[in-house]
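# Summary of the model geometry
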Amino acid sequence: MISRLILRKLERKLQFDPPLTRRITVQRNLRIPMPDGVELLADRWLPRSGGDGLPTALLRTPYGRGTYGAILARPLAERGYQVVIQSVRGGFGSGGTFDPMRQERADGLATLDWLVAQPWSDAIVLYGPSYLGYVQWAVADQLPPQVKAMIPVVTESALTLECADRHPGTSALGAAQDVAGQEDRASTVDASAGRGRHRRVR
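Now for a look at the structure at hand. Predicted model, so just to flag it, every value in this text is computed and none were measured.

## Some words on the packing of aromatic side chains
This model, assessed by the stated rule, comprises four aromatic pairs. Ring centres 6.1 Å apart and planes at 70° place the aromatic pair Trp114 and Trp120 in the edge-to-face group. Neither Trp114 nor Trp120 differs from the other in exposure class; each is buried. Among the aromatic residues, those joined into a cluster by ring pairs are Phe98, Tyr131 and Tyr134.

Here it is as structure tokens:
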């Protein structure tokens, strides 16, 4: 887990506004049901007092909730949001199998339905970079009225294998290979070597 000291330095470097509170609580491993019966896990970050009813930032990620929670969720929770950070299908305790980009629309819409139904949720903001941005675009045409903003960062709405030709070192396929093995602590396969194999996929 990233240290609080590093987080404070990062906040100063990025010139964040001062926090409203440093007293944050985390409700871990909330189970969010999908229409096919699979459950996706999420953590809810919020101020220890007065959190219910604050705007909710929803982050859906394949990268795990630990470090991403510390880097993205905590600063938002300290500045007047409650944050729901969810592991997408097939990763970090969430059920099902990770199949990049294919399930994010259905799962994203089901997650929004669940969030709208929570008594502590009101206005919703979608937020996040990279794959966390793509999952926002996947549901953008069918958002409930409770969603007041989308903030996709460093991403695009139509990630395809086409980018494997244009950006071979950082393609969506290469990233998918990395994500697929990130929970395997015993893996000794070099990520860059794995990415090189994408050239044979046509």
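## With respect to the pairing of strand β4 (residues 82-87)
The element β4 is extensively covered by neighbouring structure, given that six of its six residues are classed as buried. The alternating pattern of β4 places Gln82, Val84 and Gln86 and Val83, Ile85 and Ser87 on opposite faces, both of which are buried. Here strand β2 (residues 39-47) runs beside β4; their pairing, made up of four bridges, is antiparallel. Looking across to β4, one finds that Trp45 is bridged to Val83. Pairing analysis gives six bridges linking strand β3 (residues 56-61) to β4, with the strands arranged parallel. Residue Thr61 lies in a different strand from β4, and its bridge partner there is Ser87.

## Observations concerning unusual backbone geometry
Although it is not a glycine, Asn29 adopts a positive phi angle of roughly 60°. Relative to the helices and strands, Asn29 resides in strand β1 (residues 24-33). For Phe92, which is not glycine, the phi torsion reads 55° and is therefore positive. Here Phe92 lies in the loop between β4 and α3 (104-117). Here Phe92 falls in the partly exposed class, since its relative accessible area comes to 27%.

Reading the values: the criteria
Residue indices begin from 1 for each chain and proceed along its sequence in written order. Only residues with pLDDT of at least 70 are given local features in this predicted model, and only at 80 or more are side-chain atom pairs given and counted; all residues enter the totals for whole chains, interfaces and linings. By convention in this description, side-chain values take in all heavy atoms of the structure and omit both hydrogens and water. Stacked, edge-to-face and tilted are the three classes for Phe, Tyr and Trp ring pairs, Trp counted by its six-membered ring, which pair at centre distances within 6.5 Å; planes under 30 degrees apart are stacked, over 60 edge-to-face, the rest tilted. Buried, partly exposed and exposed residues are distinguished by accessible area as a fraction of the type maximum, computed with a 1.4 Å probe on protein chains only: under 20%, between the cut-offs, and over 50%, respectively. Segments assigned H or I by DSSP are reported as helices when at least four residues long, segments assigned E as strands when at least two residues long, and all are numbered from the N terminus. The pairing criterion for strands is at least two bridges between them, as found by DSSP.

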